[in-house]
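Topology and contacts: notes
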Amino acid sequence: MRRFILTTLSISAMLCAMNIAWAQTQQNWIETYPANVDTLDAFFLEQDCDFLQNAGHVFDLASERWLSAEEVSDKFPQISEHIFDFGCDFQTSRNELEKLINYPDALPTSGYALIYFDLAVADNGKTHISMFSDSFIANYNKRVQVLGQFDKTVNIRVLPSLVGTQSP
């Protein structure tokens, strides 16, 4: 009986480790760390646009413009429920985008980039997600998973810092 329990525990631990490894390999994120959330907010305010955290957007790398939610729905229906509009229409060069999100390399000159502006990260490296409802957390986790598994674009997860932000 003891051997059976130990074997069962060993198999369970192995399966758990395999599931974690599988989940990690299924995520296609390139993580970037811009200066802080205020920098992002100021950039979008200058464009007379809304900056949203926990929101995905698609950037057309060839025409250097953000796709509307409707355009994303037409091109990429499998992610459309997780994509948001900025509430405006504006151009951004690849170079501006690279600097804004602190992208480590040059973005490709064609195709699309999925930009996910994650929740701001505190100085200890953690988000404040525990403050939110279970429903919010479930939707957040689903969004990160769905967008992170999408393989038709360059997937960039922007993790802005709360360090150095201005409090209201």
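See the structure printed just above.
Just so it is clear, the structure is predicted and the values come from calculations on it, not from any experiment. (Residues numbered from 1 in each chain as written. Predicted model: local features only at pLDDT ≥ 70, side-chain atom pairs only at ≥ 80, totals over all residues. Heavy atoms only, no water.)

1. So, the pairing of strand β4 (residues 112–117)
Here β4 lies mainly inside the structure; five of its six residues are buried. Here six bridges tie strand β2 (residues 55–60) to β4, and the two strands are oriented antiparallel to one another. Paired with G56 across the two strands is Y116, which belongs to β4. One ladder, built from five bridges, connects β4 with strand β5 (residues 154–158); its direction is parallel. The residue bridging F117 from the neighbouring strand is V158, located in β5. (Buried < 20%, exposed > 50% of the residue type's maximum accessible area, 1.4 Å probe, protein only. Helix = DSSP H or I, 4+ residues; strand = E, 2+ residues; numbered from the N terminus. Pairing = 2+ DSSP bridges.)

2. Comments concerning the state of the cysteines
Here a disulfide denotes one covalent bond, and it connects the sulfur atoms of two cysteines. Summed over all chains, the structure comprises one disulfide. Through a disulfide, C49 is tied to C88; the S-S separation comes to 1.6 Å. Its S-S torsion of approximately 100° makes the covalent link between C49 and C88 right-handed. With C49 in the loop between α2 (37–46) and β2 and C88 in the loop between α3 (69–75) and α4 (94–101), this pair connects stretches of sequence that are 39 residues apart. What makes C49 buried here is its relative accessible area of 3%. (Disulfide = S-S within 2.5 Å.)

3. Remarks on unusual backbone geometry
Phi is positive for N54, which is not a glycine, with a value near 60°. Structurally, the position occupied by N54 is in the loop between α2 and β2. A residue is classified by how much of its surface remains accessible, and N54, at 8% relative accessible area, is buried. Unusually for a residue other than glycine, N102 sits at a positive phi of about 60°.

4. Description of the environment of I115
Relative to the helices and strands, I115 is located in strand β4. Of the residues examined, I115 reaches a relative accessible area of 0% and is grouped as buried. Note: C-alpha distance between I115 and W66 (49 residues apart in sequence) is 9.9 Å. Setting aside residues up to four positions removed in sequence, I115 forms contacts with A55, G56, H57, F59, W66, L97, I101, I156 and V158. (Contact = heavy atoms within 4.5 Å.)

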